[in-house]
Amino acid sequence: MSTLLHGLLDSFSRYKEKKALSFYRNGTKETELTYGQLDIYSNKVARGLLDMGVTRGDRVILFMPKSVFFLIAHLAIQKIGAITVPLNPQFKEAEMRYFIEDADPRLIVCGKAQARMIGQVASDREVMVVDTDVPYQEMDTFADHPDQTVPEDLGPNDPALIIYTSGTTGKPKGAVLIHGNLLHDAHNIIHVWEINTRDVICHALPLFHVHGLCFAFHTALLAGASIVMLDQFRPEHVIERLSVQDGEEVCTVFMAVPAMYVRLLDYLEDKRVDLSHIRLWASGSAPLLPKDFHRIKQTLGKEPVEREGMTETGMNFSNPLYGKRKPGSVGIPLPDLEVRIVDPETEKDVPFGEVGEIWLRGPSITPGYWRKPEETRKAFVNGWFRTGDLGRVDEDGYFYITDRIKHIIISGGENISPKEIENVINQLPEVLESSVVGVPDEKWGEKVVAAVVLHKGCAIKPERIDRHCRKFLHDWKCPKEILIVGDLPKNTMGKVMKEKVRGLFGV
Ligand code: MLC
Ligand code: AMP
């Protein structure tokens, strides 16, 4: 078996009668599906997509709320050898214009709430609108289409997904993930976390990132586990699902970003709860502060397993299931991953234990960015992927991420490009220049803030800059603090010193 698709098909036939998914909307169960039903429904949608002219290699954008339809459409896209491009349904018009132009999709499938905007930005594209509020079994989309067979020669190098990730130049880059990447990654996770048919995975993550789609959803299906999926992250609903003590939906695994754990612990007011049936609390996508590691142990009853990953590489490091879990460390490399710690200037390995850039090589790593050969060229050196993360390894082989050399901010597990925000702020006629940085924050890990310099004689209120940002950028990219300053701290070369900008915000 060499592709994600063949792995999925194997699970569909092996676990046919088994429950694959319970989907909860706003805290109430909406739908239950077996593996067999997932297979049949995705066959029908696959046939429907083929009838619409979507074929192998075509990009299909999924721009809709988290829903059963999203999952089935993704499986259907895989079944015809097309490429899923999942996008955050809250992206604004300007953001979507870029994604549509870049991904060049054969079809855009969007939710009802997204339809009007898509009609405006993609009038020349094929668009299918789906009402994701209707429970799946009551939808009539492709309901009477026959089963679909799979392209026979689909192989590990065929692209399965394009997931956009923030670039340093301002525009997101689409990381192409091929079937071989995704299969290897899911098998790795199954192996190191022993995900199995008895597991019930509580899923409260978005589906447009590798964390929710690949690490959680693909992995669960390939392992024959069950998923209890919530349409959105609401602490009270998550705790309700995690607290179920008997029946088929006793959760055993929870995967989340640190900001979600902080929200859960705040909701529980750090009062100890009996969730001893949960064997694995996994945290990743952003650093888990050691103090939150201890809070989780105290309140939820077990040490979390912190792990690290990237859109371009899949999951890279994890603390062990058995053995020592070190707070502040991302753990040890997953199977088949080679790791180097390199001086980014000389491109030579640093002495053992010293900090350098983490370079990776392995079967889960993207072959490159969608239609961005220059970005792809810059990302690799002799087959090694440059992560842009700085880190070190200790004497036990545990890795630590110490800093980033790539210019991104990670807020609540979302990867945000300062440049993209600066570009939007700088469009305002009153603005001469701006510098956007991330500063430490209890709730979000890092929060986005902006220092803005105005043209001489101009005046503008921070609230107006905020309104402007919200028009063009997803809310969570918008600076949570805006300072109007006389000038930006620069070095003798005229380059903005981001560290000093952080200082303006008391860091
Ligand atoms: C929401 N808000 C954020 C934010 N999310 N602000 C900063 N950073 C974020 N990430 C703000 C909104 O703008 C809004 O503010 C307010 O919070 C409430 O919005 P909300 O939509 O109700 O928030 P909520 O649904 O609670 O979202 C919080 C969250 C979400 C933690 C559930 O951010 C989330 O799902 N994060 C996970 C992202 C993820 O899956 N990353 C994985 C990437 S893959 P206002 O002012 O506008 O009202 C990867 C690889 C790997 O990194 O290793 O996994
Ligand atoms: P993304 O491009 O959204 O996939 O984000 C990947 C980046 O998230 C990595 O390069 C790291 O900088 C960061 N990251 C993911 N997991 C962790 C973690 N456990 N600790 C620190 N940083 C992390």
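This is a predicted model, so every value here is computed, not measured. (Residues numbered from 1 in each chain as written. Chains lettered and ligands numbered in written order. Predicted model: local features only at pLDDT ≥ 70, side-chain atom pairs only at ≥ 80, totals over all residues. Heavy atoms only, no water.)

### Overview of the overall build of the protein
(1) Moving on: Helix and strand counts for the protein come out as 14 helices and 26 strands.
(2) Moving on: Since a compact globule built from 507 residues should have a radius of gyration of about 23 Å, the 23 Å found for the protein is in line with a globular shape.
(3) Moving on: Counting across all 507 residues of the protein, residues that qualify as buried make up 59%.
(4) Moving on: Taking all contacts inside the protein whose residues are at least 6 apart in sequence as the whole, residues at least 24 apart take part in 68%.
(5) Moving on: Of the roughly 20,700 Å² of accessible surface on the protein, a fraction of 50% belongs to carbon and sulfur atoms. (Helix = DSSP H or I, 4+ residues; strand = E, 2+ residues; numbered from the N terminus. Rg over C-alpha atoms; globule rule 2.2 N^0.38 Å. Buried < 20%, exposed > 50% of the residue type's maximum accessible area, 1.4 Å probe, protein only. Contact = heavy atoms within 4.5 Å. Areas by Shrake-Rupley, 256 points an atom, 1.4 Å probe, with all protein chains shown as cover.)

### Quick word on the site of ligand 1
(1) Moving on: Close contacts around ligand 1 come from 24 residues, with R263, S285, R307, S411 and R470 the closest.
(2) Moving on: Taking R234, its side chain carries an N or O atom lying 3.5 Å from an oxygen atom of ligand 1.
(3) Moving on: Relative to its free-state accessible area of 1,000 Å², ligand 1 is covered by the protein chains to the extent of 79%.
(4) Moving on: Looking at the shell around ligand 1, the elements with two or more residues in it are α7 (210-223), α9 (258-267) and β13 (305-310).
(5) Moving on: A per-class count over the shell around ligand 1 returns 10 nonpolar, seven polar and seven charged.
(6) Moving on: Here the shell around ligand 1 gathers at least three residues from each of two domains, domain 1 (4-393) and domain 2 (411-503). (Near = heavy atom within 4 Å. Polar contact = N/O pair within 3.5 Å; in protein donor to acceptor, adjacent residues only side chain to side chain. Nonpolar A, V, L, I, M, F, W, Y, C, P; charged D, E, K, R; others polar. Domains from an automatic or database assignment.)

### With respect to unusual backbone geometry
(1) Moving on: Even without being a glycine, D270 presents a positive backbone phi close to 60 degrees.
(2) Moving on: Locating D270 in the fold gives a position in the loop between α9 and β12 (280-283).
(3) Moving on: A relative accessible area of 35% places D270 in the partly exposed class.
(4) Moving on: Of note in this structure, E347 is not a glycine but carries a positive phi near 60 degrees.

### Thoughts on the pairing of strand β6 (residues 127-130)
On any regular strand, side chains alternate: one points to one face of the sheet, the next to the other face.
(1) Moving on: Alternating residues of β6 divide into M128 and V130, all buried, and V127 and V129, none buried.
(2) Moving on: In the sheet, strand β5 (residues 107-111) pairs with β6 via four bridges, with the strands oriented parallel. Of the residues in β6, the one forming a bridge with C110 is V129. (Pairing = 2+ DSSP bridges.)

### As for the environment of L177
(1) Moving on: For L177, the location among the structural elements is in strand β8 (residues 173-178).
(2) Moving on: Along the sequence, L177 and T31 sit 146 residues apart, while their C-alpha atoms lie 29 Å from each other.
(3) Moving on: Not counting residues within four places of it along the chain, the set of residues in contact with L177 comprises P159, A160, L161, I163, L182, V210, T311, E312 and T366.

### Brief notes about empty space enclosed by the protein
(1) Moving on: Taken as a whole and judged by the stated rule, the model has three cavities of 30 Å³ or more.
(2) Moving on: As a volume, the largest cavity reaches approximately 50 Å³.
(3) Moving on: H184, N188, T313, M315, N316, P335, D336, L337, G362, P363, S364 and I365 together form the lining of the largest cavity.
(4) Moving on: Of the residues in the lining of the largest cavity, the class split is five nonpolar, six polar and one charged.
(5) Moving on: Here the second largest cavity defines a volume of roughly 40 Å³.
(6) Moving on: Residue lining of the second largest cavity: L177, N181, L182, D185, V210, C214, F215, T311, T313, G314 and S364, and that is the complete set.
(7) Moving on: Elements with a contribution of two residues or more to the lining of the second largest cavity: α6 (179-193) and α7.
(8) Moving on: In terms of residue class, the lining of the second largest cavity is made up of five nonpolar, five polar and one charged. (1 Å grid on protein atoms, 1.4 Å probe; cavity = no way out; pocket = protein on both sides within 12 Å on 5 of 7 lines; lining within 4 Å. Points joined across faces, edges and corners; volume = space filled by probe spheres on them.)

### Considerations on the state of the cysteines
(1) Moving on: Tallying each qualifying case throughout the model produces zero disulfides.
(2) Moving on: C478 carries a free sulfur, and the closest cysteine sulfur to it, the one in C469, is 5.2 Å from it.
(3) Moving on: For C478, a relative accessible area of 2% corresponds to the buried category. (Disulfide = S-S within 2.5 Å.)

Nothing here speaks to function; it is geometry throughout.
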